[in-house]
Amino acid sequence: EPEVTQTPSHQVTQMGQEVILRCVPISNHLYFYWYRQILGQKVEFLVSFYNNEISEKSEIFDDQFSVERPDGSNFTLKIRSTKLEDSAMYFCASSPDRANSYEQYFGPGTRLTVT
Amino acid sequence: AQTVTQSQPEMSVQEAETVTLSCTYDTSENNYYLFWYKQPPSRQMILVIRQEAYKQQNATENRFSVNFQKAAKSFSLKISDSQLGDTAMYFCALSRRYKYIFGTGTRLKVLA
């Protein structure tokens, strides 16, 4: 069964460094998403992406964040200058065509630790 | 604004017993889906069950079933014959197009 994959599974970085989290969505899906979960808290929406554009973003998704689909398969989340409070689990998700965009398929997550 | 509320931060149940986790939500949309996700210590999000808002029949998946009350905006999860492997965090989620809204979760512990 097709699945969303994410790399790396765990990333440790120093405050102020740039990180790129990578996701490979399910191949025929058209909508892509990033979510964040700070330890012990709920999962929060960051951004949705369709047709090479951001469809919607939350107030968390400020200028430090960016997303990109650099090729036909990868979907990336970049954090330009990491802060301690960016430490969290980051989930990528994808969904198929417009008619089925209500159901999203989640990847296993990347645990980001900022020291 | 769309919200999802899980009022039970923690629950416990004896193995083989039945437990019900509560979820209420608020939305002004007519078309939406509701989900329950399980998050074990690995923190992966595992889909347990989903419900389309336009379907009156409650969804069931083996030992998992929901009680969907659309007018009351209530979406509870019933786990029958609880197993030790059901111990996890459970999140209720409301899907509107292009975005999921999650509740704060219920930590379920199944006792041997």
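Figured I'd write up the structure that's included with this text. Please read all numbers here as calculations on a predicted model, not as lab measurements. (Residues numbered from 1 in each chain as written. Chains lettered and ligands numbered in written order. Predicted model: local features only at pLDDT ≥ 70, side-chain atom pairs only at ≥ 80, totals over all residues. Heavy atoms only, no water.)

Focus: the overall build of chain B
To keep it simple, the criterion reads: By the criteria applied, helices consist of DSSP H or I runs no shorter than four residues and strands consist of E runs no shorter than two, each listed in order from the N terminus. Values of the radius of gyration come from C-alpha atoms, whereas the globule rule sets the reference at 2.2 Å times the count of residues to the power 0.38. Here's how the labels work: a residue is buried when its accessible area is under 20% of the maximum for its type, exposed when over 50%, partly exposed in between, all with a 1.4 Å probe on protein chains only. Here, residues are in contact when the closest pair of their heavy atoms is within 4.5 Å. Here the open area of atoms and residues is found with the Shrake-Rupley method and a 1.4 Å probe, where only the protein chains shown may cover a residue. All tallies of charge rest on Lys and Arg as positive and Asp and Glu as negative; His and the ends of each chain are not included. By convention, the point assigned to a charge is CZ for Arg, NZ for Lys, CD for Glu and CG for Asp.
Within chain B, the secondary structure is distributed over zero helices and 12 strands. Overall, chain B shows an N-to-C arrangement of helices and strands of β-β-β-β-β-β-β-β-β-β-β-β. Scaling as 2.2 N^0.38, a compact globule of 112 residues should have a C-alpha radius of gyration of about 13 Å, and chain B matches this with 13 Å. For chain B, the C-alpha atoms occupy an extent of roughly 40 × 25 × 20 Å along the three principal directions. Within the span of chain B, comprising 112 residues, buried residues form 50% of the whole. Taking the intrachain contacts of chain B between residues at least 6 apart in sequence as the baseline, contacts between residues at least 24 apart amount to 53%. On chain B, roughly 5500 Å² of surface is accessible, and the fraction owed to carbon and sulfur atoms is 44%. Looking at charge distribution, chain B has the averaged site of its 13 positive side-chain charges lying 8 Å from that of its 9 negative ones.

Details of the pairing of strand 4 (residues 31–37) of chain A
Residues and elements named next belong to chain A. For the record, the criterion: Paired strands are those between which DSSP finds at least two bridges.
Burial of strand 4 is extensive: seven of the seven residues sit out of reach of the surface. Because side chains alternate across strand 4, one face comprises the buried residues Tyr-31, Tyr-33, Tyr-35 and Gln-37, and the other comprises Phe-32, Trp-34 and Arg-36, equally buried. Note that strand 4 and strand 5 (residues 44–50) share six bridges and pair antiparallel. Each residue of the ladder has a partner; that of Tyr-33, found in strand 5, is Ser-48. In this structure, the hairpin formed by strand 4 and strand 5 is closed by a connection of six residues, where Gly-40 is found at a positive phi of approximately 85 degrees. When strand 4 meets strand 9 (residues 88–95), the two strands line up antiparallel, connected through seven bridges.

Considering the state of the cysteines
To keep it simple, the criterion reads: When two cysteine sulfur atoms lie within 2.5 Å, the pair is treated as a disulfide.
Inspection of the entire model under this criterion finds two disulfides over all chains. Between Cys-23 of chain A and Cys-92 of chain A runs a disulfide, and the two sulfur atoms are separated by 1.9 Å. On the S-S bond that ties Cys-23 of chain A to Cys-92 of chain A, the torsion sits near -65 degrees, and the link is left-handed. Separated by 69 residues along the polypeptide, Cys-23 of chain A in strand 3 (residues 19–24) and Cys-92 of chain A in strand 9 bring together distant segments of the chain. Cys-23 of chain A sits in the buried class, given a relative accessible area of 1%. On the basis of relative accessibility, which here comes to 0%, the residue Cys-92 of chain A falls in the buried class. Put simply, Cys-23 of chain B and Cys-92 of chain B are joined by a disulfide, and their sulfur atoms are 2.0 Å apart. The chirality of the disulfide connecting Cys-23 of chain B with Cys-92 of chain B is left-handed, given an S-S dihedral of about -70 degrees. One end of the pair, Cys-23 of chain B, is in the loop between strand 3 (19–21) and strand 4 (24–26); the other, Cys-92 of chain B, is in strand 10 (residues 88–96), and 69 residues separate them in sequence. One exposure class covers both Cys-23 of chain B and Cys-92 of chain B, and it is buried.

Let's talk about the side chain of Ser-58 of chain A
Residues and elements named next belong to chain A. Inspection of the secondary structure puts Ser-58 in the loop between strand 6 (53–57) and strand 7 (65–68). The class for Ser-58 is buried, based on a relative accessible area of 13%. Filtering out sequence-adjacent residues up to four positions away, Ser-58 remains in contact with Phe-45 and Leu-46.

Some points on the interface of chain B and chain A
Size of an interface: often given as the accessible area lost when the parts come together. Put simply, the rule is: Defined in terms of a 1.4 Å probe, buried area is the accessible area two parts forfeit on being brought together, summed over both. Any carboxyl oxygen of Asp or Glu within 4 Å of a side-chain nitrogen of Lys or Arg constitutes a salt bridge here.
Contacts between the two partners involve 22 residues from chain B, matched on the other side by 23 residues from chain A. When chain B packs against chain A, close to 2200 Å² is buried across both sides, 52% of that on carbon and sulfur atoms. The largest share of the area that chain B buries against chain A comes from Arg-43, Arg-97 and Tyr-98 of chain B, three residues that together contribute 38% of it. Arg-50 of chain B is the partner of Glu-103 of chain A in a salt bridge, and the nearest nitrogen-oxygen pair spans 3.1 Å.

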